[in-house]
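These are the residues of each chain, in order.
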Amino acid sequence: MEKIRQMEIKDIIPVVRQEKAIFGESLGYDFFYQDLVLNPYQYYYVLEKDEEIIGFIGAYINSDTCDVVSFYVTEEMQNHGYGKMLFNFLLDLCEEMNVNLLTLEVRKSNKKAISIYERFGLNPIYIRRRYYRDGEDAILYGIQFERGKKKWLY
């Protein structure tokens, strides 16, 4: 059985390990720990299946904006609808909290993620040159919400 719940300190190590396996790097233990303890704007959630973490979505929601910090589903659990489940969860949270704008960065080479974001109605806004440590560009994607309805951002 799957469930989405708020991330807890005990979840940091598996999330960091999974991020490294998927992205080749992680935001790191200290980053997550500080956010969980000190950041009132963090909204971090894990997706569990049979009490094992199989996905994560984290965002900062401040006033009327949401910035996605990290989002993944473990490789062996991809293509089973879990990413859609997590992203829909965040979109619903944004609507509940009257968010007007959601943004995220994605590697230019990450065609799979780009395809998912575009299916959710996100549109490219801007290219951040050499954004990642290895020099790869990031594409900033976004979507605007208008009175409970998602609206494409141009």
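Before going into details, it helps to say that this report is about the structure given with it.

Quick notes on the rules
Residues numbered from 1 in each chain as written. Predicted model: local features only at pLDDT ≥ 70, side-chain atom pairs only at ≥ 80, totals over all residues. Heavy atoms only, no water. Helix = DSSP H or I, 4+ residues; strand = E, 2+ residues; numbered from the N terminus. Rg over C-alpha atoms; globule rule 2.2 N^0.38 Å. Buried < 20%, exposed > 50% of the residue type's maximum accessible area, 1.4 Å probe, protein only. Areas by Shrake-Rupley, 256 points an atom, 1.4 Å probe, with all protein chains shown as cover. Lys, Arg positive; Asp, Glu negative; His and termini not counted. Charge placed at Lys NZ, Arg CZ, Asp CG, Glu CD. Expected span 1.5 Å × (residues − 1). Right-handed = clockwise from strand over helix to strand, strands pointing away. Pairing = 2+ DSSP bridges. 1 Å grid on protein atoms, 1.4 Å probe; cavity = no way out; pocket = protein on both sides within 12 Å on 5 of 7 lines; lining within 4 Å. Points joined across faces, edges and corners; volume = space filled by probe spheres on them. Core = buried A, V, L, I, M, F, W, Y, C linked by side-chain atoms within 4.5 Å. Contact = heavy atoms within 4.5 Å. Disulfide = S-S within 2.5 Å. Phe/Tyr/Trp six-rings, centres within 6.5 Å; stacked < 30°, edge-to-face > 60°.

Moving on: the overall build of the protein. Counting secondary structure elements, the protein contains 4 helices and 8 strands. In the protein, the succession of α and β elements from N to C terminus is β-α-α-β-β-β-α-β-α-β-β-β. For 154 residues, the compact-globule estimate of 2.2 N^0.38 gives 15 Å, and the protein sits close to it at 15 Å. With 154 residues in all, the protein has 45% of them scored as buried. Element-wise, carbon and sulfur atoms account for 49% of the exposed surface of the protein, whose accessible area totals about 9,100 Å². Where the 20 positive side-chain charges of the protein centre and where its 24 negative ones centre are 6 Å apart.

What follows covers helix α3 (residues 82-96). Compared with the 21 Å implied by 1.5 Å per residue over 15 residues, the 21 Å span of α3 between its first and last C-alpha is a close match. Residues of α3 that are buried: Y82, G83, L86, F87, L90, L91, L93 and C94. Taken from the residues just after α3, N98 is the one with a positive phi, measuring 60 degrees.

When you tally the buried positions in strand β5 (residues 101-107), you get 5 out of 7 residues, the bulk of the element. In this fold, the crossover linking strand β4 (residues 65-73) to β5 by way of α3 has right-handed handedness. Bridge count for β5 against strand β7 (residues 138-146) is 7 bridges, and the pairing is antiparallel. Note on β7: the bridge partner recorded for L101 is Q144.

Time to look at the layout of surface pockets. What the largest pocket holds in volume is close to 1,300 Å³. Along its surface, the largest pocket is lined by 40 residues, and F23, F71, N110, A113 and Y117 are the ones closest to its centre. For the lining of the largest pocket, the secondary-structure elements that each account for two or more residues are α1 (12-23), β4, α3, β5 and α4 (111-119). If you tally residues by element for the lining of the largest pocket, the top one is β4, at 7 residues.

It is worth spelling out the nonpolar core at this point. By size, the foremost hydrophobic cluster in this structure holds 31 residues, and its most contacted members are F87, L90, L102, L104 and L122. Of all the elements in the fold, those that place two or more residues in this core are β2 (42-49), β3 (52-62), β4, α3, β5, α4 and β7. Take this core: its biggest share by element is 7 residues, from α3. With residues up to four places along the chain from it excluded, the contact list for L102 reads C66, V68, F87, L90, L91, C94, L122, Y141, G142, I143 and F145.

With that settled, the discussion passes to the state of the cysteines. Where two cysteines share a covalent bond between their sulfur atoms, that bond is called a disulfide. Applying the stated criterion across every chain yields a total of 0 disulfides. Free cysteine: C66, not disulfide-bonded; nearest cysteine sulfur from C94 at 3.7 Å. Using a relative accessible area of 0% as the deciding quantity, one classes C66 as buried. In this structure C94 comes out as buried when scored by relative accessible area, which is 0%.

Quick look at the packing of aromatic side chains now. Per the stated rule, a full pass over the model turns up 13 aromatic pairs. Seen from their ring centres, F32 and F56 are 5.5 Å apart, and the 80 degrees between their planes marks the pair as edge-to-face. Of this pair, F32 sits in helix α2 (residues 29-38) while F56 sits in strand β3, and the two are 24 residues apart along the sequence. You'll find F32 and F56 in the same group, each marked buried. Among the aromatic residues, those joined into a ring-pair cluster are F23, F31, F32, Y44, F56 and Y72.

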